[in-house]
Amino acid sequence: MEGWTTKKSLDLYGAQRWGDGYFGVNDKGNLVVRPSANGQEIDLFETTQMLVRRGIEAPVLFRFDGIIRNRIERLNKAFTTAIEQAGYPGKYRGVFPIKVNQQRHVVDAIQRYGRATNLGLEVGSKPELIAVLALQDNPEALLLCNGYKDSDYIELAMLGRKLGRRVVIIIEQLSEVKTILDIADKLNVEIELGIRMKPIARGAGHWENSGGEQAKFGLRTAEIMVALETLKERGKESWVTLLHYHVGSQITSITAIQKVLREATRMYTELAKLCPSMKLFDVGGGLAVDYDGSRTNFPSSMNYTMDEYARDVVDAIQVACSEAELPAPDIVTEAGRALTAHHAVLVFPVAEISKVVESLPQIEKPKKKQKTLTRLYDMYEEVTVKNCQEFYNDALVIRDEVLQRFITGDLSLAERAAADSIYWHLMQKIKILSAQLRHMPEDLEKLNDNLRDTYFCSFSVFQSMPDSWAIGQLFPVMPIHKHNIEPSRRGVLCDMSCDSDGQLDTFVDLKDVKNYLPLHDVRDDETYYLAAFLVGAYQEILGDLHNLFGDNNAVHLDVNEDGKVEVLNVVEGDTVREVLAYVQYNPSNLITQWRIATEKAAESGAITDREAAHFQKRYLAALDSYTYYQVFEETEDSQAKAGGVR
Ligand SMILES: *Cc1c(COP(=O)(O)O)cnc(C)c1O
């Protein structure tokens, strides 16, 4: 057999394809992150160990600010290049929709790195607007206001305009027009307006229903005409500067994008004839992320590149406007997923491995009189490549029989347990033998699924990867070390929640989805760390407190020009106290109740006075601890700690 290499390991997990150049493996076999194209790397495994030593427990959400910077640069480059190549007279203006990730440190990074190119922000609700109004102080950057708007929302947006923010209020519902005009009158302010159209053409992928005539947002053609009429009556049609549409996120197919573009560019040219003030063409979001690296129109993938997307957008607008002999508008994108998905990586430790076969006791020859068990055991001894299919079928029958006889009281618990052990050892043997068959029968193929090990990991799918649970979205997962060792096991991942949905059992693959993840054997004295990638868009804010697992510790990292890793920020995750308070438990009441219970127990003599003191201390310490399962790390200082606490 050929030797195992770190390159083979990267291929196995597909990291070269879905990683977009941000992830690699070093000579130690550790995963490295390359935040920008300058070749500097961060060893994620060593950084995790360093943070754990400093008391920042895993699961840790790493945010790489450099990746955000690089995504902004790439998107900008894609459009400026396309514009240059096409000789397009208009400009590109990026806008980040903050609903994708509203964390202040993330929005800060976006603003910091977007300043040079006047990257704008888009909001879709009053709370989002209130956050952005105070922070977005660049008068050159757009501040787009989408979503349902009450009069509070509209008024605040206009106050922002008065303070010099480049606010554009986008009309999504016909009823908004009058409210907007009335409030503008009252405040005596001139504003820019956008119109959100509802294209008939749809996107492609999970969110394709966000487009089409039944879409939740946007004006139908007849409604656009009514809106313009109303504006005209009040002499304000010159306030309209922007046409907007958004046909859903993660559009997987370039053909769908082109179709929508054809419809929208026609709409733009017609509207621009009616409203010569029009100067912004806003294509919304939808620019996809290739989560599985397959470059197909599979829901977790995309069949085009960012550069191709930019070229198609620029070309479509250019063709339509030159045909209609209209001035070229500036091009606005609201890509959110494509800017933030890559920057966040969740690292989590494996708490325990349940191995289907090795976790069971060794088997031994049953006593003569136990007929069923003996038959099963004989099969285990006698199974060969030739008879493995037949023995597989027989074993299933015997297994049923064992269950029936257990239910009727014919078999003891010990006998059933012995049968179970022999059965799984037999299955393991059949799996190995069947690999030599020329044609693998379908049911033996399934055996592989049943023989997957379960890796219990300290994280919550519901908190950290809700889209995996809610819509079957795939996120790449792989170990952050041991890449110089060939993974010998196949596993599925279970989280710490008491919910059978709290697991990852489908994994990215080039051709299909894999129902197992190749994983390593782990020594008793080491902690095995895995990471989920591309979790920077939508996951954090959609995540919930299922089982009261709270926010993860989040650490912002970058690497400076000397290659030194810099910790820019540490945002501590929730403590037990915080999540309990969130669901209305008053921590001081809880402490008092616990105190009363310990006092009573001490008075009655059930525990000693010293124990009472210790119980109180333990309760308080646990209340202020991280909500996640603590994987005990064998380090020098943890040994010292263990001596103290136990
Ligand atoms: C959600 C949303 C976006 C972001 O879409 P992505 O697919 O993440 O780029 C952009 N614009 C509007 C109006 C949205 O609602």
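Note that the structure is a prediction, hence the values are computed from the model and not measured.

**Examining the sheet that holds strand S3 (residues 42–43)**
Consideration 1: Here 3 strands make up an open sheet; going across it, the order is S1-S2-S3 and the pairing antiparallel. Only two strands of the sheet have a single neighbouring strand rather than two, namely strand S1 (23–25) and S3.
Consideration 2: Sheet topology note: the strand S2 (residues 31–33)/S3 ladder contains 2 bridges and is antiparallel. Of the residues in S3, the one forming a bridge with Val32 is Asp43.

**Overview of the site of the ligand**
Consideration 1: Within the structure, the ligand sits among 17 residues, and Lys99, Ser249, Glu334, Gly336 and Tyr538 are positioned closest to it.
Consideration 2: One nitrogen or oxygen atom from the main chain of Gly336 is found 2.7 Å from an oxygen atom belonging to the ligand.
Consideration 3: With respect to the ligand, the backbone of Arg337 contributes an N or O atom lying 2.9 Å from an oxygen atom.
Consideration 4: Against a free-state accessible area of 390 Å², the protein chains account for coverage of 93% of the ligand.

**Points about the packing of aromatic side chains**
Consideration 1: For the structure on display, the rule yields 21 aromatic pairs.
Consideration 2: Look at Tyr377 and Tyr380: their rings are 6.1 Å apart centre to centre, the planes differ by 45 degrees, and that puts the pair in the tilted class. One end of the pair is Tyr377 and the other is Tyr380, both in helix H13 (residues 371–382) and 3 residues apart, which spans about a single turn. Of the two residues, Tyr377 and Tyr380, both sit in the buried class.
Consideration 3: Aromatic ring contacts, followed pair by pair, group Trp18, Tyr22, Phe23 and Phe533 into a single cluster.
Consideration 4: Across from the ring centre of Tyr423, 4.3 Å away, lies the NZ or CZ of Arg399, which sits over that ring.
Consideration 5: Between the NZ or CZ atom of Arg416 and the centre of the ring of Phe406, over which it lies, the distance is 4.9 Å.

**Observations regarding helix H15 (residues 413–434)**
Consideration 1: Here H15 contains 22 residues, and its C-alpha end-to-end distance of 31 Å stays within 8% of the 32 Å for a straight helix at 1.5 Å per residue.
Consideration 2: Its buried side turned inward, H15 meets H13, helix H14 (388–407) and helix H16 (442–450).

**So, the side chain of Thr230**
Consideration 1: In this fold, Thr230 is placed in helix H9 (residues 221–233).
Consideration 2: In this structure Thr230 comes out as buried when scored by relative accessible area, which is 14%.
Consideration 3: If we skip the residues at most four places from it in the chain, Thr230 touches Val177, Lys178 and Leu181.

**Considerations on the sheet that holds strand S8 (residues 166–171)**
Consideration 1: One closed barrel accounts for 8 strands, arranged S5-S6-S7-S8-S9-S10-S11-S12; its pairing is parallel. Pairwise comparison of adjacent strand axes, ignoring direction, gives a mean angle of 25 degrees for this sheet.
Consideration 2: Relative to strand S12 (residues 330–333), strand S11 (residues 280–282) runs parallel, the two sharing 3 bridges. If you follow Phe281 over to S12, its bridge partner there is Ile331.
Consideration 3: Docked against the sheet, helix H10 (residues 254–274) engages strand S10 (240–244) and S11, running at close to 155 degrees with respect to S11.

**Quick word on unusual backbone geometry**
Consideration 1: Cis geometry is found at the peptide bond from Ala58 to Pro59, where omega equals 5 degrees.
Consideration 2: As for its placement among the helices and strands, Pro59 is situated in the loop between helix H3 (44–53) and strand S4 (60–64).
Consideration 3: Backbone geometry places Lys482, a non-glycine residue, at a positive phi of 65 degrees.
Consideration 4: When you line up the elements, Lys482 lands in the loop between strand S15 (477–479) and strand S16 (489–494).

**Observations concerning the pairing of S10**
Consideration 1: Burial within S10 is extensive, with 5 of its 5 residues counted as buried.
Consideration 2: Summarising the sheet, strand S9 (residues 192–196) and S10 pair through 4 bridges and their orientation is parallel. Within S10, the position partnered with Leu193 by the bridge is Val240.
Consideration 3: The β-α-β motif built from S9, the intervening H9 and the parallel element S10 has right-handed crossover chirality.
Consideration 4: Taken together, S10, H10 and S11 constitute a β-α-β crossover, and its handedness is right-handed.

**Examining the pattern of salt bridges**
Side chains carrying opposite charge are able to pair once their charged atoms draw close together.
Consideration 1: All chains considered together, the criterion is met by 33 salt bridges.
Consideration 2: The closest approach of N and O atoms between Glu176 and Lys149, which form a salt bridge, is 3.1 Å. Of this pair, Glu176 sits in helix H8 (residues 176–187) while Lys149 is found in the loop between strand S7 (142–145) and helix H7 (151–162), placing the two residues 27 residues apart along the sequence. Accessibility classification places Glu176 together with Lys149 in one group, the buried group.

**Section: the side chain of Ser625**
Consideration 1: For Ser625, the position within the fold is in the loop between helix H22 (609–623) and helix H23 (636–645).
Consideration 2: Polar contacts involving the side chain of Ser625 include one to the main-chain carbonyl oxygen of Ala622, which spans 2.7 Å.
Consideration 3: Once you skip the residues sitting within four places of it in the chain, Ser625 turns out to touch Asp574, Thr575 and Val576.

**Details of the domain arrangement of the protein**
Consideration 1: Partitioning the protein into domains gives domain 1 (65–336), domain 2 (371–449) and domain 3 (577–623).
Consideration 2: Each of domain 1 and domain 2 has a C-alpha centre, and the two are 60 Å apart.

**Description of the environment of Arg71**
Consideration 1: Along the polypeptide, Arg71 turns up in helix H4 (residues 65–86).
Consideration 2: For Arg71 and Leu133, which are 62 residues apart along the polypeptide, the C-alpha to C-alpha distance reads 24 Å.
Consideration 3: Each residue touching Arg71, except ones within four places of it in the same chain, is listed here: Asp20, Tyr22, Met306, Ala338, Leu339 and His342.
Consideration 4: In terms of polar contacts, Arg71 uses its side chain to reach the side chain of Asp20, at 2.9 Å.
Consideration 5: At 3.3 Å, the side chain of Arg71 and the side chain of Tyr22 are in polar contact.

**Brief notes about the environment of Lys355**
Consideration 1: Counting through the fold element by element, Lys355 comes out in the loop between strand S13 (344–354) and H13.
Consideration 2: Linking Lys355 and Arg490, residues 135 residues apart in sequence, is a C-alpha distance of 9.7 Å.
Consideration 3: The contact partners of Lys355, leaving out residues within four places of it in the chain, are Asp453, Arg489 and Asp521.
Consideration 4: In terms of polar contacts, Lys355 uses its side chain to reach the side chain of Asp521, at 3.1 Å.

**Observations concerning the nonpolar core**
Consideration 1: Counting 146 residues, the largest nonpolar core has Met158 and Leu493 as its most contacted members.
Consideration 2: The greatest single-element share of this core, amounting to 10 residues, is contributed by H10.
Consideration 3: Listed in part, the 27 residues of the second largest apolar core include Leu373, Tyr380, Cys388 and Met427.

**Brief notes about the packing of H4 against helix H11 (residues 306–323)**
Consideration 1: Following both chains from N to C, one finds H4 and H11 inclined at 40 degrees, their axes separated by 9 Å at the closest point. Here H4 lies oblique to H11, going by the angle between them. Read as a crossing pair, H4 and H11 show a hand that is right-handed. Between H4, through Arg71, Arg74, Leu75, Ala78, Phe79, Ala82, Ile83, Gln85 and Ala86, and H11, the contact on the second element is made entirely by Met306, Asp307, Tyr309, Ala310, Arg311, Val313, Val314, Asp315 and Gln318.
Consideration 2: When its residues are assigned to classes, the contact of H4 with H11 shows 11 nonpolar, 2 polar and 5 charged.

Calculation rules
Residues numbered from 1 in each chain as written. Predicted model: local features only at pLDDT ≥ 70, side-chain atom pairs only at ≥ 80, totals over all residues. Heavy atoms only, no water. Pairing = 2+ DSSP bridges. Helix = DSSP H or I, 4+ residues; strand = E, 2+ residues; numbered from the N terminus. Near = heavy atom within 4 Å. Polar contact = N/O pair within 3.5 Å; in protein donor to acceptor, adjacent residues only side chain to side chain. Areas by Shrake-Rupley, 256 points an atom, 1.4 Å probe, with all protein chains shown as cover. Phe/Tyr/Trp six-rings, centres within 6.5 Å; stacked < 30°, edge-to-face > 60°. Buried < 20%, exposed > 50% of the residue type's maximum accessible area, 1.4 Å probe, protein only. Lys NZ or Arg CZ within 6 Å of the ring centre and 35° of its normal. Expected span 1.5 Å × (residues − 1). Contact = heavy atoms within 4.5 Å. Axes fitted to C-alpha atoms, helices over the stretch in contact; angles between N-to-C directions. Right-handed = clockwise from strand over helix to strand, strands pointing away. Salt bridge = Lys/Arg side-chain N within 4 Å of Asp/Glu carboxyl O. Domains from an automatic or database assignment. Core = buried A, V, L, I, M, F, W, Y, C linked by side-chain atoms within 4.5 Å. Parallel < 35°, antiparallel > 145°, perpendicular 65-115°, else oblique. Left-handed = near helix turned anticlockwise from the far one by under 90°. Nonpolar A, V, L, I, M, F, W, Y, C, P; charged D, E, K, R; others polar.

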